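Listed below, chain by chain, are the residues.
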Amino acid sequence: MANAVELATGFFESIDGGFAALEAARGPWRPDSIGGQALTALAARELEQHCPIESTGCRLTLDFIRPTTFDAIQTRTELIRSSTRLALLHLDLVQSDHVVVRASALFVRPLKADQADGNAWTPAPDFSRPGIVADPATPTTSASMISSAGYPDDWSADFADHRNNARKRMWTTTMIPAIAGEEATPFTRVATLAEATSLVTNWSEDGVPFINADVTVNLCRMPESEGVGLESNGQHAAAGVAVGSATLYDEFGVLGVSSVTAVANTHRQVRF
């Protein structure tokens, strides 16, 4: 259940013919731009609302193809194919007659008649959300929390505590909805968090010198808890191009994986 602060904020508000960005949508790279999480939240909301099937799994990909301003955004959604198992949709986010984000989502309907879980090799999950290992009696905070070099005992809401190049993890029970006054669905919550894959994979002791040009999310199931988490699987970089991936969690275990492609942006890198 979203709290009053979440619902009152929102990344956008609905206007005639589109959406107007609110202050929460302002990006970290330029003061006159819309941030990637806001764009991801809006794209996920629009794609989910146009999906004709009940889904449990999904592949969502966003390409950030043009810089944004704070002008209004319009959306164009197309259902490419729908069947008993799958629904494929494409989406454009349009600003000033230019496509700024192009997205696609492949939604997968659960198949109750075939419950094969598979027994292929997989890494053992090792993710402890705030308040579980350090102090089980302490409720999980509602702020976005980061952990790094002192994991799992160094969870904090102060990003400056994690100025190092150790593995980064994020956990949150608060998620700004795409539209003010709406409650973010489980799908939009995890999609919005997944855009932070670039943050947790490209974060070093000097800040974040890469800006992601895309994000892809592969979910085997939707979140079943309010809290959702993200854990870096690592970064690889060469000649100003970085790729990174992360594992997504809720309170009951792994949800799926996310990945990003990022380009060097050292003259505007984000510092904490």
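For the structure itself, consult the block above.
As a starting point, this report considers the structure included with it.

### Quick word on the environment of E78
Here is step 1: Here E78 shows up in strand β4 (residues 74-82).
Here is step 2: Taking the C-alpha atoms as reference, E78 lies 39 Å from D126; in sequence the two are 48 residues apart.
Here is step 3: Every residue in contact with E78, bar those within four places of it in the chain, is listed here: L88, L89 and H90.

### Quick notes on the environment of H267
Here is step 1: Mapped onto the secondary structure, H267 falls in the segment after β13 (253-264).
Here is step 2: Classification of H267 as exposed rests on a relative accessible area of 65%.
Here is step 3: Each C-alpha atom, one on H267 and one on W203, is 15 Å from the other, the two residues being 64 residues apart in sequence.

### Structural notes on the pairing of β4
Here is step 1: Strand direction decides the pairing type here: β4 and strand β5 (residues 86-95), joined by eight bridges, are antiparallel. For T77, the partnering residue across the bridge sits in β5 and is L91.
Here is step 2: Counting the residues that bridge the hairpin from β4 to β5 gives three residues.

### With respect to the side chain of S148
Here is step 1: Position of S148 among the secondary structure elements: in the loop between β7 (145-147) and β8 (169-172).
Here is step 2: Side chain to side chain, S148 and N164 meet in a polar contact 3.2 Å long.
Here is step 3: Setting aside anything within four residues of it in sequence, one finds S148 in contact with D154, H162, N164, A166, R167, K168 and R169.

### Some points on the packing of aromatic side chains
Here is step 1: If you walk through the whole model with that rule in mind, you get six aromatic pairs.
Here is step 2: With 4.4 Å between their ring centres and 10° between their planes, F127 and Y249 make a pair best called stacked. Remark: Y249 occurs in strand β12 (residues 241-250) and F127 occurs in the loop between β6 (98-108) and β7; sequence separation between them is 122 residues.
Here is step 3: Residue F127 is classed as buried on the basis of its relative accessible area of 17%.
Here is step 4: A relative accessible area of 5% places Y249 in the buried class.
Here is step 5: Grouped by ring-pair contacts, the aromatic residues F127, Y151, W155, W171 and Y249 constitute a single cluster.
Here is step 6: Taking NZ or CZ as reference, R26 lies 4.2 Å from the ring centre of F70, over its face.

### Describing helix α3 (residues 186-194)
Here is step 1: Counting buried residues in α3 gives eight out of nine residues, a clear majority hidden from the surface.
Here is step 2: Listing the buried residues of α3 in full gives F187, T188, R189, V190, A191, T192, L193 and A194.

### So, the side chain of S232
Here is step 1: Along the polypeptide, S232 turns up in strand β11 (residues 228-238).
Here is step 2: For S232, a relative accessible area of 6% puts it in the buried group.
Here is step 3: Separated by 3.0 Å, the side chain of S232 and the backbone nitrogen of G234 make a polar contact.

### Side note on the pattern of salt bridges
Here is step 1: Following the criterion strictly, the structure yields eleven salt bridges and no others.
Here is step 2: Salt-bridge contacts for R221 lead to E224; the nearest nitrogen and oxygen are separated by 3.4 Å.
Here is step 3: By relative accessible area, which is 58% here, E224 ends up exposed.
Here is step 4: Put simply, R45, E46 and E182 are held in one network by salt bridges that share partners.

Definitions and cut-offs
- Residues numbered from 1 in each chain as written.
- Predicted model: local features only at pLDDT ≥ 70, side-chain atom pairs only at ≥ 80, totals over all residues.
- Heavy atoms only, no water.
- Helix = DSSP H or I, 4+ residues; strand = E, 2+ residues; numbered from the N terminus.
- Contact = heavy atoms within 4.5 Å.
- Buried < 20%, exposed > 50% of the residue type's maximum accessible area, 1.4 Å probe, protein only.
- Pairing = 2+ DSSP bridges.
- Polar contact = N/O pair within 3.5 Å; in protein donor to acceptor, adjacent residues only side chain to side chain.
- Phe/Tyr/Trp six-rings, centres within 6.5 Å; stacked < 30°, edge-to-face > 60°.
- Lys NZ or Arg CZ within 6 Å of the ring centre and 35° of its normal.
- Salt bridge = Lys/Arg side-chain N within 4 Å of Asp/Glu carboxyl O.

The analysis is restricted to geometry; functional conclusions fall outside its scope.
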